[in-house]
Amino acid sequence: MSRLGQAGWIRTTDCLREWASEARIKDVQVAAAEFEIPEIKETIEVPKIREGVMAHAKSFPATKPVQDFMGYPHELGEDWKERALDKMGDLLGKYRSLKVFLDACVHCGACTDKCHYYLGTSDPKNMPVARQDLMRQVYRRYFTMPGKLFPKLVGAKDLTKDVLDDWYNYYHQCSECRRCSVFCPYGIDTAEITMAGREILNHVGLGQKYSNEILGKVQKIGNNLGLPGPALEDTLEGLAEDIEMDTGVPVKLPLDKKGAEVLLVTPSADFFSEPHVESLIGYAKVFHAAGIDWTLSSHASEAGNFGLFNGNYETMRKVAMRIRDAALELGVKRIVVGECGHAWRVAYSFWNTLTGIGYGANDPFSIELQKQLDHNYPQPQHVCELTNDLIKQGRIKVDPSVNDDLVVTYHDSCNVARASRMGTEEGGQFVIPRELIQRVANNFHNMADDTIYESTFCCGGGGGLLTDDLMEVRVKGALPRATALNGVVQEHGVNFMATICAICKAQFTKVLPKYGFDMSIVGGVHQLVGKAVKLEAPKEAE
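One structure accompanies this document, and this report is about it. (Residues numbered from 1 in each chain as written. Predicted model: local features only at pLDDT ≥ 70, side-chain atom pairs only at ≥ 80, totals over all residues. Heavy atoms only, no water.)

**A look at empty space enclosed by the protein**
Inference 1: By the definition in use, this model includes 4 cavities of 30 Å³ or more.
Inference 2: Reported here for the largest cavity is a volume of approximately 110 Å³.
Inference 3: Lining the largest cavity are 15 residues; nearest its centre among them are Cys105, Cys108, Cys111, Cys184 and Ile188.
Inference 4: Approximately 90 Å³ is the volume found for the second largest cavity.
Inference 5: Lining the second largest cavity are 14 residues, with Cys115, Arg131, Cys174, Cys177 and Cys180 positioned closest to its centre.
Inference 6: Counting only elements with at least two residues in the lining of the second largest cavity, the list comes to helix H5 (116-121), helix H6 (128-143) and helix H9 (179-183). (1 Å grid on protein atoms, 1.4 Å probe; cavity = no way out; pocket = protein on both sides within 12 Å on 5 of 7 lines; lining within 4 Å. Points joined across faces, edges and corners; volume = space filled by probe spheres on them. Helix = DSSP H or I, 4+ residues; strand = E, 2+ residues; numbered from the N terminus.)

Set out below in C-alpha cells:
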C-alpha cells in the first residue's frame, strides 16, 4: 500500500477527481517517438558534432486558456516580429547583465563541452556558445551599429520565423543550470539568455505548455500539481496514520496551524509522489523529535517557482508572495524550505527583494513580517541546515546503522550548487548536505571530482524540461550524471543516490532506468534522515 495509507488514499483520490479533470490528465499527450539511448562509457566523452540532430525536439506549446491567464497571446500575430524586438529592447534596458553577456563572448570555446545536453545529444546548437548566438545574432542585427550597417561581417542575422523556431526548440533544451558559466572566462550566464529568450517567446505567443500550465495552477490553487486543499489535508492525515502505524509514535503533519513557530514550504511533489513523500515524512519526524511547533500552508503549499524558468520576475514575485501572505496569516517565526533545488535558489537569492522575507524590502507588509520573524535564525533556512544543526546540538538523536544496507552518494543539484548557499561558511551548500548524510548513514562515497560541487552536472530535467514531450532531451541530457553515477556503482557498490531537489528525483526515477539503473537508487537526503531519527513512543497513562 502507498505511503498515503488505504483510507487516506481513497479520500485523496475522491478529492482529486475535480483536479484531475482540470489538469487534463486524461488528455496529456505522451511523446511516443523512439530514440537511441546513449551508451554509458567509463568516462564522459566529448561527442562528434551532428548538425541538427535535435532540431525535431519540440515542447508542446501552451493553449489559449493558459496563455490568456498568463497575459500572453496564444499564437503569432502579424506583428510578432515587432513584439519580439520590442520585448528584447525592453529586457536589454532592464537588465544590464543581458547586454553584457551578449557583447562579451569572444568564442573561445571554453564552454563548448560543458553542457550536458551537448554531451548527450552531439547537436552543436546545444553548445552554450551556439545557444547564446541564436539570440546574439539577432541582437547584433537590430541593436548594434555594426550589425545594422554590415550584418554579414559581424555575424548578425534577421529575425525570421525559422530563427524563432530555433529559439523555441533550443531554449527548451537548456535547463538553465549555469554549469557553462563556471568555465566561461567572462562569466557569461547562458541561463539569463535562455530566460530572456523564453520571455520573448511568451510575449509573441509561443509559450511552453508545461511551464505555463504549472504557473497557472500555483497562482490559482497554491501548488504546481493543482492539488486542492481537501486533497492536501487528507494526504497529510493519511501520512500521519502511516507513520504512527510504522513507528507507534503519533507524528503529526499540521496544516494551516496559526501560531506555529515554523512554516515549512516544500515542493508539492512531496505530498503525492515516490520517493519525494519519504522526505516529507523525514521532515515531520525531525520536527517531532526536536519538539518544534510547525505547520504547512494550504495557501502556499508549493516551494517551487517556475517564474524563474520563464524569466519573468513579476510572475516569480506573484508566486513567492503567496508564501509571504501565508507567513503573515499564520504568524510564524521561521520559514524553512524543503528539498527543492530551484525553490531554494529563489528563496535564497530573490525572496528578499521580491517579498521582503529576507531583508531589503520596505513596504508595510515586509516591515510587519520582519518584526514577526525570529532573526536568531536564517530567514529563510534550508531544511538540511536545520536538521544538521539539530543533530549537532543533540536535540535529536539518530542511528546511522539503520541505513547500513545502503551505500550512498550525493548529487549536487545545480540551482543549490551554483546559485545559493547554506549556513554561514562559503561552500556550505556542498558541505552541509554531505555532513548530514554522513551523520545518518555509515557508507558514503562522492562521485568524480569534476562532476560534483560547483562543477556538478544537471539531472537533465530542470529549467522547465520535466515533461514527456521532451523525453529524448531529458534522457540524453542525463548521460553525464549517469556516467558519473555508474563510476561509483562499479567502484564502491553505491546503491543509493541522495539529492535535495524534487525535479532531480522525478527526473532520475524516470530516466536512470533507461541506463539500466533501478529507479529506487534515487531518493532524498531526508529519506535517509527519516529512517535514522529516533522517536520516543508516548508513555502509557498510569
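Having seen the model, we can carry on.
**Brief notes about the pattern of salt bridges**
Inference 1: According to the stated counting rule, one finds 26 salt bridges in the structure shown.
Inference 2: Of the charged contacts, one joins Lys87 and Asp90 as a salt bridge, the two residues approaching to 3.2 Å between their closest N and O atoms. Of this pair, Lys87 and Asp90 both sit in helix H3 (residues 80-94), 3 residues apart, roughly one helical turn.
Inference 3: Here Asp468 ties to Arg474 by a salt bridge, and the two come within 3.5 Å at their closest N and O atoms. (Salt bridge = Lys/Arg side-chain N within 4 Å of Asp/Glu carboxyl O.)

**What to know about the pairing of strand E6 (residues 496-499)**
Inference 1: Taking every second residue as pointing to the same face, both faces of E6 are buried, with Phe496 and Ala498 on one and Met497 and Thr499 on the other.
Inference 2: Pairing between strand E5 (residues 408-410) and E6: 3 bridges, direction parallel. The partner of Tyr410 across the bridge, within E6, is Ala498.
Inference 3: Judged from the 3 bridges that link them, E6 and strand E7 (residues 522-524) form a sheet pairing that is parallel. Along E7, the bridge assignment pairs Met497 with Val522. (Buried < 20%, exposed > 50% of the residue type's maximum accessible area, 1.4 Å probe, protein only. Pairing = 2+ DSSP bridges.)

**Points about the nonpolar core**
Inference 1: Formed by 115 residues in total, the largest nonpolar core has its most connected members in Leu253, Trp351, Val408, Leu485, Leu512 and Val525.
Inference 2: Apart from residues lying up to four places away in sequence, Leu485 is in contact with Thr409, Met447, Val494, Met497, Leu512, Phe517 and Ile521.
Inference 3: Of all hydrophobic cores here, the second largest spans 41 residues; its members include Phe101, Leu159, Tyr168 and Ile188. (Core = buried A, V, L, I, M, F, W, Y, C linked by side-chain atoms within 4.5 Å. Contact = heavy atoms within 4.5 Å.)

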